[in-house]
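Observations on the model geometry
Chain by chain, the residues run as shown.
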Amino acid sequence: MKYADVILPLPLENTYTYRIPSDLEKTLLPGCRVIVHFGKKRYYTAIVAHIREREPDRSGEIKDLYALLDAAPILCRPQLRFWQWISSYYLCKLGDVYKAALPSGLKMESETMVVCNEGFEPTLPLRPAELSVLDAFGAKQKLTLSELEKTTGLRNVLPVVASLLTRGAVAVSEELKKGYTPKMQTFIRLSPACCNEEKLQEAFTELKRAPRQETLLISYLDLSRALNPQPTKEIAVKELLEYSRCSPSVLEGLLRRGVLERYEKETGRLRIPVGRPQPLNPLTKEQTQAYHQALEVFKTKDVCLLHGVASSGKTEIYTHLINDVLQNGRQALYLLPEIAVTRQITERMARIFGNKLLVYHSGFSDNERVEVWNRLLQNNTPVLVLGTRSALFLPFRNLGLVVVDQEHENSYKQQDPAPRYHAGNAAIVLANMHGGKTLLASATPSIDSYYNALTGKYGLAELQTPCNDYRMPEILTVNIKELKRKKIMKNTLFSPPLLQKMKEALEKGEQIILFQNRRGFAPVMECRSCGWTPHCMNCDVSMTYHKSHHCLTCHYCGYTMPLPRQCPQCGDTNLRMSGFGTEKIEEEVATLFPSAQIKRLDFDSARTRTAAERIISDFEKGKTQILIGTQMLSGRGNFGNVTVAGILNADSLMNFPDFRAHERAYQLMLQVSTRTGGKGKQGVVVLQTSQTEHPLIRMVQTFAYKEMANLQLSERSMFRYPPYYRLIVVVLKCKQEEVLKEVATVYVEKLRARLGERVSDPVAPPISRIQSFHIKKILLKIEATASIAPVREIIEKVHLEMQDVPFFKQLWVYYDVDPV
């Protein structure tokens, strides 16, 4: 008898053991998917991690595997090891990693079906909610819980179903949900009876009285080249009908005559527009030098940081390095921080690499992602995958290079749910497991990466000269504090210098971008009489006014409330809005420049991949003159016709309570600034601030990245922050504030007993309650030179000890390793 240790897509620490039925012993391999029965009634798709000969030494019943889904493993050689590294380093459950790694289309699980009892006769009156559930069935015999909630509008339908279950009105059962379904397409071909010219001539003779059918047959022969010695081209029904301009009934006539026959075939959903492949662009002298620097680094090191200023041609270097890897028969991964950035890069890479390009991110459907997965799994050919952080989990067989573009971006760090991994760090480990290399690239590298390059952990290649006659922008600072004191900016968001530059740009037919890293209309509403401010009922945060929906919204839990007409505390109607977001900027710009076409690029206006692409595409084509946006603007390439950029409030970026605030502020301001200018055209950036003499503002004006990095490094060394120390945050959440305080104090005492002063006191974050959960954070500062394994063991031991502490099980506890 053999046994399989399997990983379940649940937040579980360990693998679970199942007995392998005798008929599966020879076909089951590690990396295959199996259906297992877990819990009382549920079924899940598990991944086989190990196969063992002996029965495990543990009590309890060992269940049989329910079914085998794969004839061959769906994971490649290092994938399980990579999952285990993420689970170990980021202190999360292996099941969490599995859930994040596999596309949903490859994970089948059972769902609860509610079946209506048609013969049910109530003996007691039913409540309105119960009647609503029974009415929801209509002509249908069974519905899922989610379908019932959607139909009835009830937020929690479970108690109602439970009540109906006890009355005998409904029954429940578990059914496996369908996973990936291949896309099938109907094609047409000549029937075997008409495959030679003689039979075909007879068919044409019969069709003399049916001219439409004759036209359709001629169209098929023309499209398919069936009479040529070359291989016949497959013709889809849709293509044939469009080409011949015939109706489906005409085709049905030919099928009945036995001249043509139809057949179905699986076709892919992946459609990347590929034209004739173009050769690589020749590198400039400076690019050639940086390219050879990177090659030299890769001879001795696994990681190279490419520090290149804006518009210096970093992408040209990526394409040459990727081409080298593909020429050697290996695979490459090109990571981007956001889905919305992928369109421009996809078009560029498709022109060079043609059908060797695959694109993978969460904006695709489940079925599309499964097809990318299967394409990599079934083909060992050289391929370039372009994607966001989830592309790290694809089944690469021979990964030779990972390019992490804009490696400083925070969006490479997964926040919620677990695993809370950093794609840049994980990419280095993954490439190393394949014996490949990693290229980190940015115009404003993260200080951690820059430090690693300075100390020799990474190699360094530099590209400090812009190409294509690009000129770095002129950055003008405006003291808005002084302008407001003089009442020059009394009721406006725009300083006179910015307004003048905008007016000049529009007169010349040029474009403008305006940056404010806050969406909505106004972040704070306040009563002028008593100072009342509307707060979210679930979170410890003020509500943001969204004028487009005429309501107040919480940006943390989504709770909304109508705009109050008067103060609920004192009854005064004198309510004012404080601060400003992208909606308010849009409204004021529309008033100042009524003839200009204006668009916003923020989370509210670009909730879908296509919406963001449409906004960017319209701006690139010149349909939009002024683009207002949040940090979604900063990740774009140079727009060419943009000559003016306005940073409306630099102070809000610098005054954030975080040790990385100045680093991020510098990166954002520089990224926005370098979106301006084009070939031989210098852009102008108007930077509005009340701290014109601040050292960081001066560094932005002079593009002094190294000066900024060295200043930040000296401060972080003094206060024990990365890159000199590694941070681990223990996050504790509980709905009862007193219980949270008590348990957090005990947690710190136990950690300090082993780690000493490396453990901080439990503190509440700036927003101390989110979605009704009160939050405390315990910060661990571990020396960068120390091994993480003993620290991990200590944390796990303390967590086990905490299980005996009263009320600890009321808390939700997780760890954030290397927070950003």
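Placed above this text is the structure.
Quick look at the structure, then. Values in this document were obtained by computation on a predicted structure and should not be read as measured data. Per chain, residues are indexed from 1 in the order of the written sequence. This being a predicted model, a pLDDT of at least 70 is required before a residue's local features are given, and a value of 80 or more before pairs of side-chain atoms are given or counted; all residues contribute to the totals for chains, interfaces and linings. Each side-chain value is worked out from all heavy atoms of the structure, with water and hydrogens disregarded.

With that settled, the discussion passes to the overall build of the protein chain. Looking only at helices and strands, one finds 25 helices and 33 strands in the protein chain. A compact globule built from 820 residues would reach a C-alpha radius of gyration of about 28 Å, and the protein chain, at 31 Å, matches this within 12%. Each principal axis of the C-alpha atoms in the protein chain carries an extent, and together these give about 95 × 70 × 65 Å. Each accessible area value is a Shrake-Rupley result obtained with a 1.4 Å probe; residue values ignore everything except the protein chains displayed when judging cover. In the form shown here, the protein chain has an accessible surface area of approximately 39200 Å², with 49% of it arising from carbon and sulfur atoms. Numbered from the N terminus, helices here are DSSP runs of H or I no shorter than four residues, and strands are runs of E no shorter than two. Only the C-alpha atoms count toward the radius of gyration. The rule for a globule is 2.2 Å times the residue count to the power 0.38.

Another aspect to go through is empty space enclosed by the protein. Every definition here rests on a 1 Å grid over the protein atoms only: cavities are sets of points where a 1.4 Å probe fits but cannot get out, pockets are open sets enclosed by protein on both sides within 12 Å along at least five of seven lines, and lining residues have some atom within 4 Å of a point. Grid points are joined across faces, edges and corners, and a volume is the space filled by probe spheres set on the points. Overall, the coordinates contain two cavities of 30 Å³ or more when judged by the stated rule. Volume-wise, the second largest cavity comes out at about 30 Å³. For the second largest cavity, the full set of lining residues is Tyr89, Leu91, Ile728, Ile788, Val791, Arg792, Ile795 and Val817. In terms of residues, the lining of the second largest cavity owes the most to one element, helix α25 (residues 788–802), which gives four residues. Taken together, the residues of the lining of the second largest cavity break down into seven nonpolar, no polar and one charged. Under the scheme applied here, ten amino acids are nonpolar (Ala, Val, Leu, Ile, Met, Phe, Trp, Tyr, Cys and Pro), four are charged (Asp, Glu, Lys and Arg), and all others, including Gly, are polar.

Ranked by size, the top nonpolar core spans 82 residues in total, and within it Trp83, Leu392, Tyr747 and Leu780 carry the most contacts. With eight residues, the single largest contributor to this core is helix α14 (residues 423–433). Throughout this description, the term nonpolar core refers to a set of buried Ala, Val, Leu, Ile, Met, Phe, Trp, Tyr and Cys residues connected via side-chain atoms within 4.5 Å. Relative accessibility decides the category of a residue: with a 1.4 Å probe and only protein chains considered, values under 20% of the type maximum give buried, values over 50% give exposed, and everything between is partly exposed. Within the second largest apolar cluster, 38 residues are counted, among which are Leu633, Phe639, Val685 and Ala709.

Let us now look at the sheet that holds strand β24 (residues 560–562). Here three strands make up an open sheet; going across it, the order is β22-β23-β24 and the pairing antiparallel. Two strands bound the open sheet, and with one partner strand each, they are β22 (544–546) and β24. Neighbour-to-neighbour, the strand axes of this sheet turn through a mean angle of 35°, independent of strand direction. Where β22 lies against strand β23 (residues 551–553), three bridges are found, and the strand directions are antiparallel. Directly across from tyrosine 545, in β23, lies its bridge partner leucine 552. Only strands joined by at least two bridges in the DSSP assignment are considered to pair. An axis is simply a line fitted to the C-alpha atoms; with a helix, the fit covers only the stretch in contact. Between two such axes, the angle follows the N-to-C directions and lies from 0 to 180 degrees.

Let's shift gears to the sheet that holds strand β30 (residues 725–734). The four strands are arranged β31-β32-β30-β33 in an open sheet whose pairing can be described as antiparallel. Strands at the two margins of the open sheet, each flanked by one partner only, are β31 (769–770) and β33 (812–817). Two strands pair when backbone bridges link them, and β30 and β33 are joined in this way by six bridges, in the antiparallel orientation. Across the sheet, valine 731 pairs through a bridge with tyrosine 814, a residue of β33. Where helix α24 (residues 737–755) meets the sheet, its contacts fall on β30, β32 (773–783) and β33, and the angle it forms with β32 comes to roughly 10°. Should any heavy atoms of two residues lie within 4.5 Å, those residues are considered in contact.

A few words on the packing of aromatic side chains. Centre distance and the angle of the planes are the two values used to describe a pair of aromatic rings. Ring pairs are drawn from Phe, Tyr and Trp, using the six-membered ring of Trp, whenever the two centres fall within 6.5 Å, and their geometry is named by plane angle: stacked under 30 degrees, edge-to-face over 60, tilted for the rest. Going through the model one piece at a time under the given rule, you end up with 20 aromatic pairs. Between phenylalanine 187 and tyrosine 263, the ring centres sit 5.8 Å apart and the planes meet at 20°, which makes this aromatic pair stacked. Of this pair, phenylalanine 187 sits in strand β9 (residues 184–190) while tyrosine 263 sits in strand β11 (residues 260–266); the two residues are 76 residues apart in sequence, bridging distant segments of the chain. Judged on exposure class, the residue phenylalanine 187 and its partner tyrosine 263 are both buried. Placement of a positive charge over a ring is assigned whenever Lys NZ or Arg CZ falls within 6 Å of the ring centre and within 35 degrees of the normal to the ring plane. Positioned above the aromatic ring of tyrosine 263 is the side chain of arginine 189, whose terminal nitrogen or guanidinium carbon lies 4.1 Å from the ring centre. The ring of tyrosine 814 carries arginine 420 above its face, with NZ or CZ at 3.7 Å from the centroid.

Another point: helix α22 (residues 695–702). Buried residues of α22: Leu696, Ile697, Met699 and Val700, and no others. Taken around the axis of α22, the buried residues stretch over an arc of 160°, which confines them to a single face. Those residues of α22 that are buried lie in contact with β19 (474–479), α20 (651–654), α21 (661–673), β29 (684–689) and α23 (705–719). Looking at the residues trailing α22, positive phi occurs at phenylalanine 703, about 55°. As used here, the arc is the angular range of directions from the helix axis to the C-beta atoms.

Another aspect to go through is the environment of glutamate 715. Inspection of the secondary structure puts glutamate 715 in helix α23. You can call glutamate 715 partly exposed: its relative accessible area is 36%. When the C-alpha positions of glutamate 715 and threonine 346 are compared, they lie 40 Å apart, and in sequence the two are 369 residues distant.

All right, on to unusual backbone geometry then. Following aspartate 416, the chain continues to proline 417 via a peptide bond in cis, the omega torsion being -5°. Among the secondary structure elements, proline 417 is positioned in the loop between β16 (399–405) and α14. The omega angle of the peptide bond from proline 722 to proline 723 is 15°, so this bond is cis rather than trans. By the element assignment, proline 723 lies in the loop between α23 and β30.

On to helix α15 (residues 447–454). All of the buried residues in α15 are Ile447, Ser449, Tyr450, Asn452 and Ala453. Immediately beyond the C-terminal end of α15, within one or two residues, lies glycine 456, with a positive phi of roughly 90°.

This brings us to the pattern of salt bridges. Any carboxyl oxygen of Asp or Glu within 4 Å of a side-chain nitrogen of Lys or Arg constitutes a salt bridge here. Inspection of the entire model under this criterion finds 32 salt bridges. Arginine 576 is the salt-bridge partner of glutamate 526, the closest N and O atoms lying 2.9 Å from each other. Placement of the pair is glutamate 526 in strand β21 (residues 524–527) and arginine 576 in strand β25 (residues 575–578), with a sequence separation of 50 residues. A relative accessible area of 21% places glutamate 526 in the partly exposed class. The class for arginine 576 is partly exposed, based on a relative accessible area of 33%. Where glutamate 663 meets arginine 716, a salt bridge forms, and the shortest distance between an N and an O atom there is 2.7 Å. Residue glutamate 663 is found in helix α21, and its partner arginine 716 is found in helix α23; the two are separated by 53 residues along the sequence. Take glutamate 663 and arginine 716: they sit in the same class, and that class is buried. When salt bridges that share partners are traced, they join Asp448, Arg660, Glu663 and Arg716 into one network.

Here we take up the environment of arginine 245. Relative to the assigned elements, arginine 245 resides in the loop between α8 (237–244) and α9 (248–257). With relative accessibility at 74%, the residue arginine 245 sits in the exposed group. C-alpha of arginine 245 to C-alpha of leucine 216: the two residues are 29 residues apart in sequence and 8.3 Å apart in space.

This brings us to the packing of α22 against α23. Running from amino to carboxyl end, α22 crosses α23 at an angle of 150°, the nearest separation of the two axes being 8 Å. Looking at the two axes, α22 sits roughly antiparallel to α23. Here α22 contributes Leu696, Arg698 and Met699 to the contact with α23, which in turn contributes Glu707, Met708 and Leu711. Geometric relationships in this document are graded by angle, where less than 35 degrees denotes roughly parallel, more than 145 denotes roughly antiparallel, 65 to 115 denotes roughly perpendicular, and other angles denote oblique.

This part covers the packing of helix α1 (residues 79–89) against helix α2 (residues 94–101). It is the contact of α1 with α2, at a shortest axis distance of 9 Å, that shows an interaxial angle of 125°. Of the possible angle classes, the one that applies to α1 and α2 is oblique. Along this stretch, α1 crosses α2, giving a crossing that reads as right-handed. On α2, the residues that touch Trp83, Gln84, Ile86 and Ser87 of α1 are Leu94, Val97, Tyr98 and Ala101. A breakdown of the residues in the contact of α1 with α2 according to their chemical character gives six nonpolar, two polar and no charged. Whether a crossing is left-handed or right-handed is set by the direction in which the near helix is turned from the far one by less than a right angle, anticlockwise for left-handed and clockwise for right-handed.

This next bit is on the side chain of threonine 152. Among the secondary structure elements, threonine 152 is positioned in helix α4 (residues 145–152). If sequence neighbours within four positions are ignored, threonine 152 has contacts with Ser132, Val133 and Ala136.

Here we take up the pairing of strand β12 (residues 303–308). Most of β12 sits inside the fold, with six of its six residues counted as buried. Side chains Val303, Leu305 and His307 of β12 all project onto a buried face; the interleaved residues Cys304, Leu306 and Gly308 project onto the opposite face, where all are buried too.

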